[in-house]
Amino acid sequence: MERSNYWTEGPRRQWIFCAADNSSLEGLSEKVDPNEVYCADGSAIINLGVRRINGRLYAGNYVGVCRLRDINGKAIYTYDGRDVVLKIQPRFPLSVVDMLNAIREDDEFERYLAPQTTRIGTSERDVEDLMCNEVFHFFSDEDPIYLHDEIAKESSIITATVYLSLLRNLCQRPLMGKTVSTEENLVGKAKGKIVFSKNIRYNSLRGRDDRLYCRYLQYTEDIVENQVLKAALKKAEAYLSQYFRSVSGSSNSFRDMIAYCNNSLSHITHKQISRFDLNGIKTTGVYVSYKPVINAAKMVLNEITMAANGNTTLTSYVIPYAISMEKLFEMYIRSYLKKAGVKAFDSEDEGIHLARYDDKTAVLTERNKAYANYISGNVKPDIIVYNPANQKHIVFDVKYKDSANSRFSRSDRMQVLAYGLMFDSEHIGNIFPTQDGTNNVYYKCNKINSNENKDRFYHQLEIAIDNSWTFAMDSKTGDQPTGLLEYLNGLLNG
């Protein structure tokens with residue numbers, strides 16, 4: 001992990017303050033007044049969730065890049081009059097791009113990015129609302145920030161991935177079309193109105209009395225809105241292919257999404273998009289679903305340029321963005337379990353399965369009664385692994401935290417114990433990121449001290465970003481190393 005809590009000079013006379021998520025921002029006071037900094041309330045994403053605790057500033061759970069804002073929402077300048085850019089990076093040795101690359105082939109990829117709700121009966125949400133999802137947030141109303149190429153690279157990968165997800169969902173519906181005025185030199189027939197001035201010029205003066213130059217109205221989908229989508233698709237495809245070397249993979253890979261979108265937009269003209277084209281786009285009425293897709297397309301077009309030979313480069317202009325590391329790490333763990341051999345929720349294959357991502361369970365059976373209002377909500381564990389053969393469950397909660405710091409663990413303790421009760425799980429536990437970023441580790445299980453007539457056990461895992469996909473786990477308490485799938489199978493088949 002890079003060092004954090006320091007200032008560095010940007011390429012356009014900015015000062016960039018770099019820090020880790022959930023860390024102290026004490027270094028800010030060197031160049032700005034920390035009392036002017038806006039601090040988030042609840043889940044607000046302004047300033048990447050910076051909060052004030054006992055008078056000191058701390059970063060939140062978001063990573064990304066943004067302009068630092070004051071309590072009035074205006075940009076903050078340093079004492080020497082320069083722009084201030086806040087860059088927050090993960091405090092654990094985790095790569096946002098590597099995690100994104102891991103989850104992009106997950107069969108629930110679009111479900112991960114769709115906005116979530118805790119209400120029963122509303123688990124299905126349209127991915128068209130993805131710009132309001134819980135993982136990525138783009139400050140699309142702000143001007144792009146000119147930054148170093150390495151920062152711009154990560155932003156462009158995220159932008160292109162989000163755009164492809166939005167576009168694929170949009171292409172599953174009828175495309176937007178308009179009635180436009182078309183002029184054509186027709187042979188042996190008239191259509192609409194004859195344009196006499198052009199008919200004389202192109203036909204009569206040339207002795208072509210068999211032709212008529214006509215103007216008529218025609219419905220077409222080859223309009224600027226769809227042309228913008230296709231231009232952004234071509235840039236996203238070229239850039240992701242160049243960065244990842246290959247876009248192949250499973251049904252939710254980039255290759256599949258790109259092929260689907262290319263087929264849907266095959267009849268749309270591929271043209272160079274100008275600022276004039278972008279300014280003239282309107283997405284209202286029945287085509288309001290185009291708005292977030294067009295916004296994402298604009299970000300792709302702004303951040304990536306394509307040369308005549310098909311190679312792509314970055315403009316170094318970055319749309320300010322925020323990423324929830326809590327949610328992204330949770331999704332990575334789900335994808336990692338599936339890569340290790342745990343079956344998807346809709347798989348008919350034998351073996352242990354992972355419950356669906358957005359499944360919710362009501363706390364009370366009579367949740368609609370007035371006397372049940374106080375706790376009549378729902379629970380949605382991060383990870384439920386179950387064995388269909390014997391109906392045993394393991395419930396894990398994914399924590400983007402330092403497992404050695406138990407200062408604020410009370411709510412986490414209550415949460416995982418409640419999961420054990422509700423799902424009648426003999427085994428419950430937490431999954432954390434590793435501290436050194438190398439090997440996965442597991443701890444010896446610990447029996448829960450309970451007055452119940454059945455035994456329950458607490459388990460704790462630490463998972464690293466595993467590009468080699470070995471799924472090996474070392475023991476933190478001196479037991480034998482094991483594989484992740486073998487470990488889970490032993491709990492569910494015992």
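Heads up: these notes are all about the structure in this document. (Residues numbered from 1 in each chain as written. Predicted model: local features only at pLDDT ≥ 70, side-chain atom pairs only at ≥ 80, totals over all residues. Heavy atoms only, no water.)

1. Describing the nonpolar core
Reasoning step 1: If you look at the biggest cluster of nonpolar residues, it comprises 120 residues, and the most contacted ones within it are Tyr 163, Leu 229 and Tyr 332.
Reasoning step 2: Once residues within four sequence positions are removed from consideration, Leu 229 is found in contact with Tyr 163, Leu 167, Leu 170, Leu 265, Tyr 290, Val 293, Ile 294 and Ala 297.
Reasoning step 3: In this structure, Val 379, Val 395, Phe 423 and Ile 448 belong to the second largest nonpolar core, which totals 10 residues. (Core = buried A, V, L, I, M, F, W, Y, C linked by side-chain atoms within 4.5 Å. Buried < 20%, exposed > 50% of the residue type's maximum accessible area, 1.4 Å probe, protein only. Contact = heavy atoms within 4.5 Å.)

2. Here we look at the sheet that holds strand β7 (residues 136-138)
Reasoning step 1: The strand order β1-β2-β6-β5-β15-β7 describes an open sheet built from 6 strands, whose pairing is mixed. Two strands in the sheet have a free side with no partner beyond their single neighbour: β1 (6-9) and β7. If you compare each strand with its neighbour and ignore which way they point, the axes differ by 20 degrees on average.
Reasoning step 2: Bridge analysis of strand β2 (residues 15-20) against strand β6 (residues 84-89) gives 6 bridges, and the strand direction is parallel. Each bridged residue has a counterpart across the sheet, and for Cys 18 the counterpart in β6 is Lys 87.
Reasoning step 3: Sitting on the sheet, helix α9 (residues 325-340) is in contact with β5 (62-67) and β15 (321-324), with an inclination near 50 degrees to β15. (Pairing = 2+ DSSP bridges. Helix = DSSP H or I, 4+ residues; strand = E, 2+ residues; numbered from the N terminus. Axes fitted to C-alpha atoms, helices over the stretch in contact; angles between N-to-C directions.)

3. Some words on the pattern of salt bridges
Reasoning step 1: As enumerated under the stated definition, the model contains 25 salt bridges in all.
Reasoning step 2: When the shortest N-O distance is used, the salt bridge between Glu 142 and Arg 67 registers 3.9 Å. Of this pair, Glu 142 sits in the loop between β7 and β8 (145-146) while Arg 67 sits in strand β5, placing them 75 residues apart in sequence.
Reasoning step 3: Residue classification places Glu 142 among the partly exposed residues on the basis of a relative accessible area of 21%.
Reasoning step 4: Arg 334 is the partner of Glu 108 in a salt bridge, and the nearest nitrogen-oxygen pair spans 2.8 Å. Of the two residues, Glu 108 is situated in the loop between α1 (96-103) and α2 (109-113) and Arg 334 in helix α9; the sequence distance between them amounts to 226 residues.
Reasoning step 5: Its relative accessible area of 1% is what places Glu 108 among the buried residues.
Reasoning step 6: Classification of Arg 334 as buried rests on a relative accessible area of 1%. (Salt bridge = Lys/Arg side-chain N within 4 Å of Asp/Glu carboxyl O.)

4. Thoughts on the packing of aromatic side chains
Reasoning step 1: Counted by the stated rule, this structure contains 9 aromatic pairs.
Reasoning step 2: Each ring, one from Tyr 336 and one from Phe 471, has its centre 5.0 Å from the other, and the planes form 50 degrees; the classification is tilted. Within this pair, whereas Tyr 336 is found in helix α9, its partner Phe 471 is found in the loop between β24 (457-463) and β25 (472-475), the two being separated by 135 residues in sequence. The burial state of Tyr 336 is the same as that of Phe 471; both residues are buried.
Reasoning step 3: A connected cluster of aromatic rings, assembled from ring pairs, spans Tyr 332, Tyr 336, Trp 469 and Phe 471.
Reasoning step 4: The ring of Trp 15 has Lys 31 sitting right over it, with the charged end atom 4.0 Å from the ring centre.
Reasoning step 5: Between the NZ or CZ atom of Lys 191 and the centre of the ring of Tyr 216, over which it lies, the distance is 4.3 Å. (Phe/Tyr/Trp six-rings, centres within 6.5 Å; stacked < 30°, edge-to-face > 60°. Lys NZ or Arg CZ within 6 Å of the ring centre and 35° of its normal.)

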